[in-house]
Amino acid sequence: MKSAGAHMSLLAGLLVLLSRLSLGVACNKALCASDVSKCLIQELCQCRPSDGNCSCCKECMLCLGTLWEECCDCVGMCNPKNYSDTPATSKSTVEELYRPIPSLFRALTEGEAPINMMVVSFPVAEELSYHENLVSFLETMEDQHQNYSVPGNSIHASYDNAQDSNMCTVVYFDDCVSIRQCKQYCESMGGSKYRWFHNACCECIGPECVDYGSKTVRCMNCLF
């Protein structure tokens, strides 16, 4: 009876904490709910830095791990993020994967797309056009003797060497996933890189892509 009562008390406390989480307008619940719940159950994020009490800050940060930057506002550890000016779909995190398997990625993306995925191909020149425009802008500013630094010739070289016939192939997962899931899924497909949009849409990037794929969100069930 005692253990059952303690269990019920723990569940009641968790429900209260989760209700607070759901009220956080800026909190990315699709990404953070699972990990935040785990840390709340372990009572590792109970202090409030805003009140001058940071006795649990380090333990909370270790518990959230790589999700700290995205989820610290969900547990009241940092100031709420303001997404009103810049929507989550316009922000993304990119990373190169350590051991891509190009042959695996090509095999999985040829023909009919697997269930719960969308395969998109577009010219490499289109992928690089953003960087080309950025370099031209920075060069213009430098010509006007402003305090701007221009990237090296690597971007120009990549653009010049890319043939118009080369296609960049990327894969979008239909549903929202965490950044860790995105990386794992793209590694399991043999992808070279991944792009995780801050609305929790995941894009795996193929070996023919020179940059980081498309900057457009196309996850069918995770568009906002």
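Residues numbered from 1 in each chain as written. Predicted model: local features only at pLDDT ≥ 70, side-chain atom pairs only at ≥ 80, totals over all residues. Heavy atoms only, no water.

The UniProt entry for the protein carries the following text under Subcellular location (unreviewed entry): "Secreted". In the Sequence similarities (unreviewed entry) part of its UniProt record, the protein is described as follows: "Belongs to the twisted gastrulation protein family." (UniProt positions renumbered as here; feature names shortened; annotations may be inferred.)

Student: Sorry if this is basic, but what is going on with the pairing of strand 4 (residues 193-197) here?
Tutor: The side chains of a regular strand alternate between both faces of the sheet. For strand 4, a buried count of five out of five residues is recorded, marking the element as mostly surrounded by other parts of the structure. With burial as the criterion, each face of strand 4 is covered, one bearing Lys-193, Arg-195 and Phe-197 and the other bearing Tyr-194 and Trp-196. In the sheet, strand 1 (residues 92-96) pairs with strand 4 via five bridges, with the strands oriented antiparallel. Across the sheet, residue Ser-92 finds its bridge partner in strand 4, namely Phe-197. Judged from the four bridges that link them, strand 4 and strand 5 (residues 202-205) form a sheet pairing that is antiparallel. In the strand pairing of strand 5, Arg-195 is matched with Glu-203. From the end of strand 4 to the start of strand 5, which pair antiparallel, there are four residues, and Ala-200 there has a positive phi angle of about 80°. (Buried < 20%, exposed > 50% of the residue type's maximum accessible area, 1.4 Å probe, protein only. Helix = DSSP H or I, 4+ residues; strand = E, 2+ residues; numbered from the N terminus. Pairing = 2+ DSSP bridges.)

Student: Help me out: how do you make sense of the pattern of salt bridges in this one?
Tutor: Close approach of charged atoms allows side chains with opposite charge to pair. Within the structure shown, the criterion is met by five salt bridges. Note that Arg-180 is salt-bridged to Asp-35, the shortest N-O span being 2.5 Å. Here the residue Arg-180 occupies a position in helix 8 (residues 179-188), and Asp-35 occupies one in helix 2 (residues 29-41), the gap between them amounting to 145 residues. Take Arg-180: its relative accessible area is 38%, and that puts it in the partly exposed class. One salt bridge in this structure joins Glu-95 and Lys-183, with 3.0 Å as the shortest N-O distance. With Glu-95 in strand 1 and Lys-183 in helix 8, this residue pair connects regions lying 88 residues apart in the sequence. Its relative accessible area of 28% is what places Glu-95 among the partly exposed residues. By relative accessible area, which is 27% here, Lys-183 ends up partly exposed. (Salt bridge = Lys/Arg side-chain N within 4 Å of Asp/Glu carboxyl O.)

Student: How should I be thinking about the state of the cysteines in this particular structure?
Tutor: A covalent bond between the sulfur atoms of two cysteines is referred to as a disulfide. A full pass over the atoms with the stated rule returns 11 disulfides. Disulfide pairing places Cys-176 opposite Cys-222 at an S-S distance of 2.0 Å. Every disulfide takes its handedness from the sign of the S-S torsion; for Cys-176 and Cys-222 that torsion is 105°, giving right-handed. A residue pair is termed long-range when its members are at least 10 positions apart, and Cys-176 in the loop between strand 3 (167-173) and helix 8 and Cys-222 in the segment after strand 5 qualify at 46 residues. When its relative accessible area of 34% is taken as the criterion, Cys-176 is described as partly exposed. Take Cys-222: its relative accessible area is 1%, and that puts it in the buried class. (Disulfide = S-S within 2.5 Å.)

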